[in-house]
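Secondary and tertiary structure notes
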Amino acid sequence: VATAESYWEQFQEADEMIGLQVRQVWLSYKESLSRVDVTKQALASADENLEVARDRYRHGFGTNTEVLDAEVRRTAAYANNNNAVYDAVYNRLRLLQVTGEI
């Protein structure tokens, strides 16, 4: 009887650990999807900012430094978006793994 109870306690502990792991991965996945949405908005803003800087430069109201700064911010926005998409795909695969789907 003591052995059966011990096995039952081990089973419950393992079940809780698996549930915790699934929840952690699911939360990471949801967070990474939110980051993708945020970085998409940042991309649009960076693209618009670059276009404004270029237009100001073409018309003599801005400097090439402003254009270069806008280019740097745009490049950073694309890098952030790529990282967010990568994390979302990675976390989706982890979720499939911990739930036994792959």
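Structure: above.
Residues numbered from 1 in each chain as written. Predicted model: local features only at pLDDT ≥ 70, side-chain atom pairs only at ≥ 80, totals over all residues. Heavy atoms only, no water.

Some points on the pattern of salt bridges
Spelled out, the test is: Salt bridges are defined by distance alone: a side-chain nitrogen of Lys or Arg within 4 Å of a carboxyl oxygen of Asp or Glu. Per the convention used, a helix needs a DSSP run of H or I reaching at least four residues, while a strand needs a run of E reaching at least two, with both numbered from the N terminus. Exposed residues in this analysis have more than 50% of their type's maximum accessible area, buried residues have under 20%, and partly exposed residues fall in between, with area computed by a 1.4 Å probe over protein chains only.
One pass over the structure, following the stated rule, counts seven salt bridges. Here Asp87 and Arg35 are joined by a salt bridge, their closest N and O atoms 2.8 Å apart. Residue Asp87 is found in helix H2 (residues 64-98), and its partner Arg35 is found in helix H1 (residues 2-58); the two are separated by 52 residues along the sequence. For Asp87, a relative accessible area of 22% translates into the label partly exposed. Owing to a relative accessible area of 28%, Arg35 belongs among the partly exposed residues under this scheme. Between Arg54 and Glu71 there is a salt bridge, with the nearest N and O atoms lying 2.8 Å from each other. Taken together, the residues Arg54 in helix H1 and Glu71 in helix H2 connect sequence positions 17 residues apart. The class for Arg54 is partly exposed, based on a relative accessible area of 32%. In the salt-bridge network here, residues are joined through shared partners; they are Asp47, Arg54, Glu71 and Arg74.

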